Each structure stands twice: as structure tokens, then as C-alpha cells.
Amino acid sequence: MYSERVMDHFMNPRNMGEIPDADGVGEVGNPACGDIMRITLRIEEDRIVDAKFKTFGCAAAIASSSMATELIQGKTLEEALAVTNKAVAEALEGLPPQKLHCSVLAEEGIHKAIEDYRTRHGAPEANGG
Amino acid sequence: MLPCFSERFGNPSSVYALAREAQVTLEKARGRVAAAIGANPEEIFFTSGGTEADNWAIKGVAAANRKKGDHIVTSAIEHHAVLHSCRALEKQGYRVTYLPVDAFGRVEPGAVEEAITDTTILVSVMAANNEIGTIQPIAAIGEIARDRGIPFHTDAVQAIGAIPIDVDSMGVDLLALSGHKFYGPKGTGALYIRKKTRIGTFMDGGAQERGRRAGTENVPGAVGLGRAIELAVAEMPENAPRLAAMRDRLIREILETIPDTRLNGHPVERLPNNVNVAFRYVEGESILLMLDSLGIAASTGSACTSASLEPSHVLTACGLPPEHAHGSLRLTLGSRNTDEDVDYVLSVLSRVIERLRKISPLNPER
């Protein structure tokens, strides 16, 4: 059902944890639906120097958060905002159709964390957030 | 069973010697199924499985009694074979009462009595639940239905071989069973229909199964089913207490050693092979995949393993909030499981839960 890449990121998640006093925090999902992602970012000069996640959810949700945080490490905020759910799913060598919403959630989590940073730092609104 | 695929391949509906032999074999299998549930052989009809048997019982009784009434009483925690059959009938204008269950998943017999009206034509309550293992008060419900002259169907797919079943003492008029639940072949099952029960045909065609279920019989399947049910019932007095002891140890030690965990289903009125627990802050599919990587096959009521993205209707009906239902784990014991298997599960489960809780943002100890 899952690609090897998904299983690898599920069994050995990258960037798992929470950045203390993070510069941006994005929590998305709903426990009733069975998925919650919490993305925390360390941002220096508009660049993501660290990204971590905590996720309640299935293997696809955990792997999507792991991959999404990998994809945005070291990226500028604009570059990170351009990372789509499709890019996350492709990097995972695909997700089953009923699990694509997990990659959407990862994209939303990143957008929300960047928005949170920009709101707190009085910067302009995130594009497409 | 195997010879029926090769040298003894006769079609029981034909007249040649090989066919007569197949017919004898088929009837022997029918007798074994009947004996297992206290029925007469001519009340046993082979089907393609439990799902077909449930469909036939519900839709067949509904169709044959349409002039008499249009109301069916069932429970909220039935298998989808029953629930979706009822939903299909609702679309045709029938009315269905889905009785609630208590926190342990039990149907209150008094609620069945209250739900019955002058137009009720069928009561259908499962003998034991497939997810949480709760055993229903079938004999009490059967007595109520019998007093009101209403046919009583029970989905006994999970119960056969696990608890004693007797259609007469339980007041059952229709009973669905499935071969692969007691080590018979997949794609085999049967419907018990008490004599004189008004029921329509489900499969139309040839005169097989005394004209009530058309289609050339799955002779090897029926033979496998017959032998399997005979063994399951014969071994039950030895197997059931052994499995129940392993079940109780699993439940006790999981609840004792892993915090924020609860038992789903009934503590006592429970199938001997069923363990179902909910772990807070983690999701069931993740638990299953980690257990699978450790060689343990289990299942969950989490939405994430279903296409519908809805958590288990059974756990929800028991009043479990969705976020707890998502973290449910079902372990089913088989007759070959040993105390060492239980030790192994217990030795790895707490680590799996701990690991997933570390990843979870819901865990208050983060």
C-alpha cells in the first residue's frame, strides 16, 4: 500500500520534535479526523534554519510531515511557500489516493507556521497561505 | 476437501456416479454444519459467505413479508453486511430501527421489545461483535421476537466456534455463518433458515439448494466448511478457556503497563479471542504498521484504514469520542497462538505506543 520511501520516513522520521521558543508555529488538522500536525520553525533572516514536526496520524501523515520538513530546511520563506502538497507526495514516491490529504495537511502546516512568523514579526501576509 | 478439486470433481446436480458421490459429500457437509448449531440439515443453505447469508436473510425476509409490514429492528453495531442491507431496504421504503448499545456494546433486550411495532417483520441482532467481541443476549432477544411472532435473524459469523450456539434454545430463525472465521475456506458460508420461515430467494436460477439458492454448489468449499465447523465446535471446550486466559492476560497487562489506555467492549461478556483497547494520543494505522514490522498482525477501528475516513461505527456507538476511536487496536487470538506469543506482544507493544506518543503533538508529556 505504501512506497518504500513512505515507510522509511514513517519508521525513521526526520526532524521529529518541537523547537523550543520557535519563530513560527503551525498546527493544522483535527483530532476527530485523526490527523494533527504541529510544525515549528526557526527562522533567521527570512530563511528556515530549522524545521521540526509532531504528528498524530497515520503513516502517511507522519511520513508527509517528515518529508515536508526535510524539503524546507535551509529554504527562504518564499521558496518554502512554493513547496506544494504535490511536491511532498512526489518526494515520497507517491501516496495512496485516500491519503493525499496528508500531504495537503503538511503544506498547510508549513504555510500556517510561516504565517504565524510573519504575523508575529509584522511582515507582509504570506502568499497563498 | 482437496479430492473434490481433482478426482472427485462431480457436479452434484448431475445423474452419473461421480455426481451422486459429490451429492453425498455435499450432504455430509450440510449435516456437519447443522449439527454445529443444533439445526436440521434441510435448514442449512450454502452461500458464498457470511455477507451473502446476511443479505439473503434480511432482504429475503423483507421481500416475502412486504404485505405484512415494513419495519426492521436491528442494532447500531452490526456488521456492514447487515447495516448496508438495511440501508438498501430503507431506500426501497422500509423503515429500520437501529438500536443503540451501552458503553460495553450490549443491546438491551427491553429496547428490542419497545422498538417492535405492529409492522415489524424482522429482528436482526448479531450474536457477537466482530470488532469489540461483545456477546449479545441473543436468547433473551430471541424469546421476545418469538413471543411477538417475528422472525429473528442473527449474524453469528464471529460467534461460531467461539461460544456455544443452539438455534432452538436461542430462539433463532435465521443465522448467518462464514467459513473462514473458523479456519474453513474463504468464500464459503451458510444461512440457516428455520422451517416455515417466510423468505424470498436471493439467487434465482437452477434448482440447487432445494430451489432456494441457485448456482452450482461450491462442493470443495462446502466440504471444507463442514469439516472446519465440526472441528471448531469439537475443540471449543478446550480452546475457548485457553484463549480466554490469554485474552485476559493481554488486557490486564496492557491496561496496567501502558498509561492512558482503555478497554473497548465488555469485560466479561466477550468473545474468548478478542482484545480491543484504545490508546490515547496515537493513531491506529501507525500502531498496526509498526506491529506488522515486528511480525504482529492486528487491526484497528481508526478511520485511516478505511476509505470513508470515518472511525469505527461500533466504537462510536459505544460512545467513544472519535479521537479515542482512532487509537484503537484489535488483537484477535487464534487457536495456534501461545503464551509465548502473548509475552512477545506485551514486550513490544508498550515500546511501539511510547514511540508513537513521542511523535504525537497531543501527548501532554511532550
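Coordinates for the structure precede this section.
From a predicted model like this one, the values you see are computed outputs, not experimental measurements.

Asker: How would you sum up the overall build of chain B? Please name residues and give values.
Answerer: Helices and strands together make up the secondary structure of chain B, namely 11 helices and 10 strands. By the compact-globule yardstick of 21 Å for 366 residues, chain B fits well, its C-alpha radius of gyration being 22 Å. Its C-alpha atoms give chain B principal-axis dimensions of roughly 70 × 55 × 35 Å. Counting all 366 residues of chain B, 56% fall into the buried class. Within chain B, counting contacts between residues at least 6 apart in sequence, those at least 24 apart form 70% of the total. Carbon together with sulfur atoms contributes 53% to the accessible area of chain B, which is approximately 15400 Å² in total. Here chain B contributes 39 positive and 44 negative side-chain charges, whose respective centroids are spaced 4 Å apart.

Asker: Quick rundown of the pairing of strand S5 (residues 152–155) of chain B? Include the residues and the values.
Answerer: All names here are of chain B. Residues Phe152 and Thr154 line one face of S5 and the alternating positions His153 and Asp155 line the opposite face, and both faces are buried. Note: strand S4 (residues 120–124) against S5, 2 bridges, orientation parallel. Paired with serine 124 across the bridge in S5 is histidine 153. As a crossover connection, the stretch from S4 through helix H5 (residues 138–147) into S5 is right-handed. Examined bridge by bridge, S5 and strand S6 (residues 174–178) share 3 bridges and lie parallel to one another. In the sheet register, aspartate 155 faces S6, and the bridge partner there is alanine 176.

The rules behind each value
- Residues numbered from 1 in each chain as written.
- Chains lettered and ligands numbered in written order.
- Predicted model: local features only at pLDDT ≥ 70, side-chain atom pairs only at ≥ 80, totals over all residues.
- Heavy atoms only, no water.
- Helix = DSSP H or I, 4+ residues; strand = E, 2+ residues; numbered from the N terminus.
- Rg over C-alpha atoms; globule rule 2.2 N^0.38 Å.
- Buried < 20%, exposed > 50% of the residue type's maximum accessible area, 1.4 Å probe, protein only.
- Contact = heavy atoms within 4.5 Å.
- Areas by Shrake-Rupley, 256 points an atom, 1.4 Å probe, with all protein chains shown as cover.
- Lys, Arg positive; Asp, Glu negative; His and termini not counted.
- Charge placed at Lys NZ, Arg CZ, Asp CG, Glu CD.
- Pairing = 2+ DSSP bridges.
- Right-handed = clockwise from strand over helix to strand, strands pointing away.

In short, the description is geometric, and any link to function would need to be established separately.
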